Amino acid sequence: MKRKGAKLGQHFLTAPGIARAVGVAAGVEPGVAVLEIGPGRGILTNELLELGGKVIAVEKDSALVEHLKERFREAIDLGVLTIVEDDVRNVSLSSLGLEKHSFVLAANIPYYITGEIIRTFLSTEMQPKRIALLVQREVAERIARDKKESILSLSVKAYGTPKYVKTVSRGSFSPAPSVDSAILSIDNISNDFFSDFHEDDFFKVVKAGFAAKRKMLAGNLTAIAPREKIERAFQKCGLDRKIRAEDVSLEEWGRLVTALW
């Protein structure tokens, strides 16, 4: 029989040193407001508090909520920890007293919602100042280290600066996942990249560009623009007509969107 944590996609962190590294990567220091997603048994919560953070921990498992309330009764009484029983995807950040760039986000989240959490907190009006997450090593590599771009990497880089902080072995969790993890941080979060065009237009072009990965970018874009317009845009941006989407940098995508729209 599978353990409950594994069934829910939860792999509870058991290494305090890794938890501390996540907190440091998130920029937690005395007085900093921290939103923690899925605190589980509280190992990360403890390190965030030790670093001096003022923590809001959102946990949807009622049994874990009771455990956290008991374990951190003193911190709750002191007003440095608030436990919220809910799915963070249903929570209004303003209802938690958070404002744009007024807090950092730190979390060890189930792998299957990694992409959704990253998209949600980068594109929300209530953007955190910095994010630090435990994610699959492959995902962190793809976002922060891979020389080839992807929809995922561009979706992160358009809002901030990703960094591969540290590899985390599967033995640092219980139950142990089948793959290694990594700490991924995202800093300098803002909407500045979208000052010359709308986010929707950017992602429309990017998604079209990656529709058929093995095909050339120009051919893929014919699904959303006339070929003549695409050729003019490529000339204006100095892009090779045979280039593939994965070889186009974030800055080049921005120029291309501006030229097409």
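Quick caveat: nothing in here was measured; it's all calculated off a predicted structure.

Peer 1: Looking at this structure, how should I read the pattern of salt bridges?
Peer 2: Note that side chains of opposite charge can pair when their charged atoms are close. For the structure on display, the rule yields 14 salt bridges. Here Asp-87 ties to Lys-60 by a salt bridge, and the two come within 3.9 Å at their closest N and O atoms. With a gap of 27 residues between them, Asp-87 in the loop between strand 4 (81-85) and strand 5 (103-108) and Lys-60 in the loop between strand 3 (54-59) and helix 4 (62-71) connect regions that are remote in the sequence. Asp-187 is paired through a salt bridge with Arg-130; the nearest N and O atoms lie 3.1 Å apart.

Peer 1: Help me understand unusual backbone geometry in this model?
Peer 2: Where the residue is not glycine, phi is negative for most of them; where a peptide bond is considered, it is trans in most cases. Cis geometry marks the peptide bond from Ser-174 to Pro-175, where omega comes out at -10°. With a phi angle near 60°, His-101 is a residue other than glycine that sits in the positive phi range. Along the chain, His-101 falls in the loop between strand 4 and strand 5. We classify His-101 as partly exposed; its relative accessible area is 34%. A positive phi angle, close to 55°, is found at Asn-188, a residue other than glycine. On the secondary structure map, Asn-188 appears in the loop between strand 9 (181-187) and helix 9 (199-209). Looking at Asn-188, the relative accessible area reads 54%, which means it is exposed.

Peer 1: Teacher, can you tell me more about the pairing of strand 3 here?
Peer 2: Across a regular strand the side chains alternate sides, sitting on one face of the sheet and then on the other. Judged by how many residues are buried, strand 3 sits mostly within the fold: five of six residues are covered. Sheet topology places strand 2 (residues 33-37) next to strand 3; five bridges connect them, and they run parallel. Among the inter-strand pairings, Val-34 is bridged to a residue of strand 3, identified as Val-55. In terms of handedness, the path from strand 2 via helix 3 (residues 43-50) over to strand 3 forms a crossover that is right-handed. Note: strand 3 against strand 4, five bridges, orientation parallel. Considered in strand 4, the bridge of Val-58 is made with Val-84.

Peer 1: Even after reading the chapter, I still don't get helix 12 (residues 250-260), so can you show me in this structure?
Peer 2: Counting along an α-helix, one turn takes 3.6 residues, and residues three or four places apart therefore face a common direction. For helix 12, the full list of buried residues reads Leu-250, Trp-253, Gly-254, Leu-256, Val-257 and Leu-260. Buried residues along helix 12 cover an arc of 165° about the axis, so they all sit on one side. Its buried side turned inward, helix 12 meets helix 8 (151-157), helix 9, helix 10 (217-221) and helix 11 (227-237).

Rules used throughout
Residues numbered from 1 in each chain as written. Predicted model: local features only at pLDDT ≥ 70, side-chain atom pairs only at ≥ 80, totals over all residues. Heavy atoms only, no water. Salt bridge = Lys/Arg side-chain N within 4 Å of Asp/Glu carboxyl O. Helix = DSSP H or I, 4+ residues; strand = E, 2+ residues; numbered from the N terminus. Buried < 20%, exposed > 50% of the residue type's maximum accessible area, 1.4 Å probe, protein only. Pairing = 2+ DSSP bridges. Right-handed = clockwise from strand over helix to strand, strands pointing away. Arc of directions from axis to C-beta. Contact = heavy atoms within 4.5 Å.

Fair warning: the whole summary comes from geometry, so function is off the table for now.
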